[in-house]
Every structure is written in C-alpha cells, then in structure tokens.
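Chain by chain, the residues:
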Amino acid sequence: MGTSNGRTLYRNPKSGKIAGVCSGIADYFNFETWLVRVLAVSIFLLGGTGFVFVIYIALWMILDVKPQALDYKEEHKDIEVKKKVWQAGEPAKRALFDVSRQFNGLETRLQRLEKHVTSDSFDLKREINSL
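Below or above, wherever it landed, is the structure these notes cover. All figures in this text were calculated on a predicted structure; none of them were measured in a lab. (Residues numbered from 1 in each chain as written. Predicted model: local features only at pLDDT ≥ 70, side-chain atom pairs only at ≥ 80, totals over all residues. Heavy atoms only, no water.)

**Remarks on the overall build of the protein**
A count of helical and extended segments in the protein gives six helices and zero strands. Listing each helix as α and each strand as β along the protein from the N terminus yields α-α-α-α-α-α. Just so you have it, the protein exposes about 10400 Å², and 62% of that area is on carbon and sulfur atoms. (Helix = DSSP H or I, 4+ residues; strand = E, 2+ residues; numbered from the N terminus. Areas by Shrake-Rupley, 256 points an atom, 1.4 Å probe, with all protein chains shown as cover.)

Laid out in structure tokens, this is it:
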C-alpha cells in the first residue's frame, strides 16, 4: 500500500501484540501505538464487534511484514521529540538526556583521537611513512 509521500503501511509484528496491525498503523500515522490499540479495542467493545474484527483480520492478511532494513533505519535515526501527547517520539526530557549521552560519547571519542594525534608514536609513524 504506497502513498504519495513515499511511506508504506506495513504490519509490525516485532513491536505488536497479536499480528502487528495496530503497531503498523501507529508507525504510518506517527501515533503512539497504545493509542491505536485503545481506539481499536474501544470500537470493538462499543458495538463495532464484527467490523473491527473483520478489518483487523483483513489487514493481517493483506499487509506485508515490515522489512528488517526499515527497522534498523528507525532504530538509528535522529531523535524525534513529540510535540503532542498522542504523537510518536520521545518526551522532551528523555530526548535531552539521549542527546546529552550522545554528545558525551562523541566528546570521549574526540579526546581519545586528540590524545593519539598528539602522541609521540603518531609523529614517529608519520615520519616513517614519509620515508
């Protein structure tokens, strides 16, 4: 199921409870997964019993499973801060903590690199290589 903005609707059984349909819908619309589940269960319990069940089973059969390559990209993408409670992403405090942790890791790597470049062994290796 393609769209004009390039996104595709997939089932996401890796982060789903039953077949990953609600998780896939949440990913597609950038909603929190719990919200989509609550809506589906609410409609199911409030009278849409047959309708929601048939739609869920149909989507289970129709939708492809989300490829692992896309899962990897999502795990290693930039930090997204949620602007509204129902949107997917991280709360601002958590995002700030994650960014701080990433900067501390980069600073440590940069300090090690600087220590290596300014060491005597680095100069010696450079001179040997230039011979």
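**Observations regarding the nonpolar core**
One finds L9, A19, V21, C22, A26, Y28, V36, Y56, L59 and L63 forming the largest nonpolar core, which totals ten residues. The set of elements that each furnish at least two residues to this core consists of α1 (21–29) and α3 (49–62). Leaving out residues up to four positions away in the same chain, Y56 has contacts with I18, A19, G20, V21 and C22. (Core = buried A, V, L, I, M, F, W, Y, C linked by side-chain atoms within 4.5 Å. Buried < 20%, exposed > 50% of the residue type's maximum accessible area, 1.4 Å probe, protein only. Contact = heavy atoms within 4.5 Å.)

**Description of unusual backbone geometry**
Non-glycine residue N30 carries a positive phi angle of around 60°. Classification of N30 by relative accessible area gives partly exposed; the value is 28%.

**With respect to the packing of α1 against helix α2 (residues 33–45)**
Direction vectors running N to C along α1 and α2 enclose 125°, while the axes themselves pass 8 Å from each other. Relative to α2, the element α1 lies oblique. Classified by chirality, the crossing of α2 by α1 is right-handed. For the pair formed by α1 and α2, the contact residues are C22, S23, I25 and A26 on the first element and T33, V36, R37 and A40 on the second. Looking at the contact of α1 with α2, its residues break down into five nonpolar, two polar and one charged. (Axes fitted to C-alpha atoms, helices over the stretch in contact; angles between N-to-C directions. Parallel < 35°, antiparallel > 145°, perpendicular 65-115°, else oblique. Left-handed = near helix turned anticlockwise from the far one by under 90°. Nonpolar A, V, L, I, M, F, W, Y, C, P; charged D, E, K, R; others polar.)

That's the geometry; what it means functionally is another story.
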